[in-house]
Amino acid sequence: MKTWKRNAIAATILVLICAGVYLNWNANQIAPVDFTETLNEEQVLNDATLTLSDTSSEAQAVSAESATAEEYFAKIRLSRQESRDSAVEMLQETIVYEDGSESASAAASSLDGIVSDALAESQIESLIIAKGFEDCVAYMGDETIDIAVSAPAEGLADADVALISDVVTAQSDYTLDQIRIIEVK
């Protein structure tokens, strides 16, 4: 019975390692993202005043903007998922090898945190999209939450910022000064 369990664990670890190698290889096939064209400091919500300033030029075509925004959101989601998968894999290995020790319980706690953050981010993203925004990505950090939102051509209005902030505060423990809203055009 022990050898069956040992073989099952070894096979599971081998499958996870192969999946990690494949994801790493696949990630290296994608061209790196240049975020300087998509976002700049002036498009980030100022925490002190809760105002949004946008000084980007309006000369780009609408189709080019939507393609750029779609690529941005897809690449950010892929990057976030790959980093989470890597962290989850390492934590799972720690739990398996350190069964019953303090490091295993700490790894299990970290794993629970990652899963709950992923679920909360997904819920916040879904609610913001349901409120009429084309797309968004949420990233929860230790002290702040960053919300990248696909903004309309005229930019985010104060009412839009308030709506997004309301969704985040209702679905998480973050306060208004911990929310950073980023306009993506």
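Residues numbered from 1 in each chain as written. Predicted model: local features only at pLDDT ≥ 70, side-chain atom pairs only at ≥ 80, totals over all residues. Heavy atoms only, no water.

The protein chain is annotated in an unreviewed UniProt entry as SpoIIIAH-like family protein of Candidatus Avoscillospira avicola.

## Comments concerning the sheet that holds strand β1 (residues 136–140)
In space, the three strands of this open sheet follow the order β1-β2-β3, with mixed pairing throughout. Each edge of the open sheet carries a strand with a single partner, namely β1 and β3 (179–184). The mean inter-strand angle of the sheet, taken between neighbouring strand axes irrespective of direction, is 15 degrees. The pairing of β1 with strand β2 (residues 145–150) spans five bridges and is classified as antiparallel. (Pairing = 2+ DSSP bridges. Helix = DSSP H or I, 4+ residues; strand = E, 2+ residues; numbered from the N terminus. Axes fitted to C-alpha atoms, helices over the stretch in contact; angles between N-to-C directions.)

## Topic: the packing of aromatic side chains
Applying the stated rule across the entire model yields one aromatic pair. Centre to centre, the rings of Tyr72 and Phe73 are 5.3 Å apart; their planes meet at 75 degrees, and the pair counts as edge-to-face. For Phe73, a relative accessible area of 1% corresponds to the buried category. (Phe/Tyr/Trp six-rings, centres within 6.5 Å; stacked < 30°, edge-to-face > 60°. Buried < 20%, exposed > 50% of the residue type's maximum accessible area, 1.4 Å probe, protein only.)

## As for the confidence of the model for the protein chain
Confidence along the protein chain averages 76 in pLDDT terms, with 77% of residues attaining 70 or more. The lowest-confidence element of the protein chain is helix α1 (residues 2–29), averaging 75 in pLDDT; the highest-confidence one is helix α4 (residues 158–171), averaging 91. Long-range and interchain partners of residues 38–66, a stretch whose pLDDT sits below 50, account for 45 contacts in this model, where long-range means more than four residues apart. (pLDDT = per-residue confidence, 0-100. Contact = heavy atoms within 4.5 Å.)

## Focus: the pattern of salt bridges
For the structure shown, the criterion picks out five salt bridges. Of the charged contacts, one joins Arg77 and Asp135 as a salt bridge, the two residues approaching to 2.7 Å between their closest N and O atoms. Taken together, the residues span a long stretch of sequence, with Arg77 in helix α2 (residues 62–97) and Asp135 in the loop between α3 (102–130) and β1 at a distance of 58 residues. Judged by its relative accessible area of 27%, Arg77 is partly exposed. A relative accessible area of 17% places Asp135 in the buried class. Across the pair Arg84 and Glu121 runs a salt bridge whose closest N-O atoms are separated by 2.3 Å. Here the residue Arg84 occupies a position in helix α2, and Glu121 occupies one in helix α3, the gap between them amounting to 37 residues. Taken individually, Arg84 and Glu121 each receive the classification buried, so the pair is uniform in this respect. Residues joined in a network through salt bridges with shared partners are Arg80, Arg84, Glu121 and Glu125. (Salt bridge = Lys/Arg side-chain N within 4 Å of Asp/Glu carboxyl O.)

## A short note on α4
An ideal rise of 1.5 Å per residue puts 20 Å on 14 residues; α4 measures up with 20 Å between its terminal C-alpha atoms. In this structure, the buried side of α4 is in contact with α3, β2 and β3. (Expected span 1.5 Å × (residues − 1).)

## Let's talk about the pairing of β3
Buried residues dominate β3, accounting for five of its six residues. Of the strand pairs in this sheet, β2 and β3 are connected by six bridges, and their pairing is parallel. Pairing of Ile147 across the sheet is with Ile181, part of β3. Once the chain exits β2 it traverses α4 before rejoining the sheet at β3, and the crossover so formed is right-handed. (Right-handed = clockwise from strand over helix to strand, strands pointing away.)

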